[in-house]
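Listed below, chain by chain, are the residues.
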Amino acid sequence: MTTIFNDPAEFCDDQLDGFVDLYSDRLRKVAGGVVRLPQGEPEVAVIVGGGSGHYPAFAGLVGPGFAAGAVVGNIFTSPSAAQVYSVAKAAHRGRGVILTFGNYAGDNMNFGIAAKRLNDEGIDTRIVVVTDDIASAEEIDKRRGIAGDFTVFRAMGAAAAEGLDLDEVERIGSSANARTRSLGVAFSGCTMPGADEPLFSVPEGHLGLGLGIHGEPGIRDVELPTADGLAEMLVTPLLEDVPQDRGSRVGVIVNGLGTTKYEELFLLWSRIAPRLREAGLEIVDPEVGELVTSLDMGGASLTLFWLDEELERLWTSDAYTPAYRKQAAPLQGMSSAEEAADAEEREQAPESSEAGRRAAGVVQAATVRIEQLLRDNEQRLGEIDAVAGDGDHGRGMVKGISAARRAVDAAAAEGGASWTLRRGGQAWAEYAGGTSGVLWGAALESAGREIDDAADGYSEDDVRRAVRSFAESIQQLGGAHRGDKTLLDALLPFVDALCEEHAELPLQEAWTKAAVTAQEQAEATAELRPKVGRARPLAEKSVGTPDAGATSMGLILVSLGETLGQTDAPAAN
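As named in an unreviewed UniProt entry, the chain is Dihydroxyacetone kinase, ATP-dependent, taken from Kocuria palustris PEL.

Rendered as structure tokens:
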């Protein structure tokens, strides 16, 4: 919801005043919008525009290498012909005008009227309409303009900056439009300033496929997929709707529509990019971020800009606007991630005995089991943590064990239990982050160092010694004590039960009994008040809820006992 305003009816003008004040060093306000300050040789004036609510489009794209001016209508409303005329007249520097906008009825009419008036006055004015949205119509000339506005505006702005004449800039704009395709999805509707309800809603657990950018819902509601599913949903239709003579090089935009966070867009890109590469495409200067938005709409769109040699030159050229800056020259002296990884020295697994390798198989089996356990309990652990913390414990534990699982799988094929535990701990700490990531990573490494992979066998005392080392590492690194409402309130009673109370029992039986104690003590943390960590400021609020770290520790210790009880634990290959 848009919450900052005085009079909703004045929202557009008020926000534009703030924008112009910020960037008064490079542009000025005129009736109907903004134009950039004159500099350098005169060039064709590329005028972009449409309704407000789409920032950075349209005013944020005014600057060298991009637009000469932007017409700013009311929220989601075509600017008037008078506004278009005013901006174009102010930006014109003797080389003609291009008016360019998305394909909507009001824009077509008002920009068309303004173009006629300008032409009648002797200002050669052309129109390039953007029609990139494949969901809106089969016929290209009937399609809407959505995030593909950006590629068409960019191509013409760069062409104008090169000093090309009006005919050439118009030709390039038409070519860019013909080679641009977009498809978007909405997760939630957008709300106009002063309104109580969004313009549309998306059913719970669904998305709107084929959205517009003026508050129009998608053409149909689809069950919300995973990130992989969403990437497939966007990529596949675009690869089935391609221009002629398309080539294999594409500029790509993953565009956020207003409230979909950048981190989500980055994640989506990580799923989109491999699919494009698998299709044989070479990605050129991709853009991921908010480029053409729709107020506070949740959603994203994918645009493919099929490049030829000319368009690629323009796509990668310099630009400097309030919202978009690009330097064409590549960075020097930077090695690729793959080169950096290849150059990194990797520790080699020490020699291990047959017993060491069998024990590594037990570690591997336990890791597989614990990963599934934590995935099954991820939401529950997050909900417990959210009572007085930040709610990330479940997600952090899953991230840690997943990283450890990958490392353990590789390490178990190379060495013994010590090597496997240490590699798993290193991966947990590296990829999980947070307090739990550091503690679990260091503790697993510490436990691993208590085991001799070259030994002909392991005693139960070796395991107990490794468990003590695991706990001591967490105590020393975290600085917490029993009673502070942390994972130690489950772990330390477990260690005492395993190594003292049940020390005379066989290991598997002792472990099972000790794990029951750990779970009981984890549940008992509900009556404690946290004395360390993020939950401490909300200590009273946490009373009645067990500690998330103690809860996950109890679950894991029980699972480990079940693994020890299996006689068919696999040995590493």
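A. Here's a closer look at the packing of aromatic side chains. Scanning the model with the defined rule gives 13 aromatic pairs in all. Residues Phe66 and Tyr324 carry aromatic rings whose centres are separated by 5.7 Å and whose planes lie at 90 degrees to one another, so their mutual orientation is edge-to-face. With a gap of 258 residues between them, Phe66 in the loop between β3 (45-52) and β4 (69-75) and Tyr324 in the loop between β13 (319-320) and β14 (325-326) connect regions that are remote in the sequence. Note on accessibility: Phe66 and Tyr324 belong to one class, buried. Taken together, a centroid distance of 5.6 Å and an interplanar angle of 80 degrees make the contact between Phe305 and Trp315 edge-to-face. Residue Phe305 is located in strand β12 (residues 298-306), and its partner Trp315 is located in helix α8 (residues 309-315); the two are separated by ten residues in the primary sequence. With respect to burial, Phe305 and Trp315 carry one shared label: buried. Counting every residue linked through ring pairs, the aromatic cluster contains Phe66, Phe150, Phe305, Trp315 and Tyr324. Over the ring of Tyr85 we find Arg117; its NZ or CZ atom is 3.6 Å from the centre of that ring. A cation sits over an aromatic face here: Lys326 above Trp315, 5.2 Å from the ring centre.

B. How the structure looks around the UniProt feature "domain: DhaK" (unreviewed entry) in the chain. When the UniProt feature table is mapped to this numbering, "domain: DhaK" (unreviewed entry) covers residues 7-324. Annotated as 32% helix and 25% strand, the span residues 7-324 places its first and last C-alpha atoms 30 Å apart.

C. Spatial organisation of the side chain of Asn110. Mapped onto the elements, Asn110 comes out in helix α3 (residues 105-120). From its side chain, Asn110 meets the backbone nitrogen of Ala81 in a polar contact 3.2 Å long. Here Asn110 is in contact with Ser78, Pro79, Ser80, Ala81 and Val84, once residues within four sequence places are set aside.

D. Inspection of the environment of Ala161 at higher detail. With respect to the helices and strands, the residue Ala161 is situated in helix α4 (residues 149-161). When the C-alpha positions of Ala161 and Glu43 are compared, they lie 6.6 Å apart, and in sequence the two are 118 residues distant.

E. Representation of the domain arrangement of the chain in the model. The domain architecture assigned to the chain consists of domain 1 (10-326) and domain 2 (354-565). Taking only C-alpha atoms into account, the centre of domain 1 sits 51 Å from that of domain 2.

F. Region of interest: a negative patch on the surface. A contiguous patch of negative charge on the surface is contributed by Asp7, Glu10, Asp13 and Asp14. Within the secondary structure, Glu10 sits in the segment before α1 (11-22). Judged by its relative accessible area of 34%, Glu10 falls in the partly exposed class.

G. Just the nonpolar core, in detail. Grouped together as the largest cluster of nonpolar side chains are 60 residues, with contacts concentrated most on Val34, Phe150 and Val169. In this structure, Val169 is in contact with Val44, Val46, Ile98, Met156, Ala159, Ala160 and Leu164, ignoring residues within four places of it in sequence. Leu373, Leu374, Ile451 and Val467 belong to the second-largest nonpolar core, a separate cluster that totals 49 residues.

The rules behind the values
Residues numbered from 1 in each chain as written. Predicted model: local features only at pLDDT ≥ 70, side-chain atom pairs only at ≥ 80, totals over all residues. Heavy atoms only, no water. Phe/Tyr/Trp six-rings, centres within 6.5 Å; stacked < 30°, edge-to-face > 60°. Helix = DSSP H or I, 4+ residues; strand = E, 2+ residues; numbered from the N terminus. Buried < 20%, exposed > 50% of the residue type's maximum accessible area, 1.4 Å probe, protein only. Lys NZ or Arg CZ within 6 Å of the ring centre and 35° of its normal. UniProt positions renumbered as here; feature names shortened; annotations may be inferred. Polar contact = N/O pair within 3.5 Å; in protein donor to acceptor, adjacent residues only side chain to side chain. Contact = heavy atoms within 4.5 Å. Domains from an automatic or database assignment. Patch = residues over 30% accessible without salt bridge, like charges linked within 9 Å, V, L, I, M, F, W, Y side chains within 5 Å. Areas by Shrake-Rupley, 256 points an atom, 1.4 Å probe, with all protein chains shown as cover. Salt bridge = Lys/Arg side-chain N within 4 Å of Asp/Glu carboxyl O. Lys, Arg positive; Asp, Glu negative; His and termini not counted. Charge placed at Lys NZ, Arg CZ, Asp CG, Glu CD. Core = buried A, V, L, I, M, F, W, Y, C linked by side-chain atoms within 4.5 Å.

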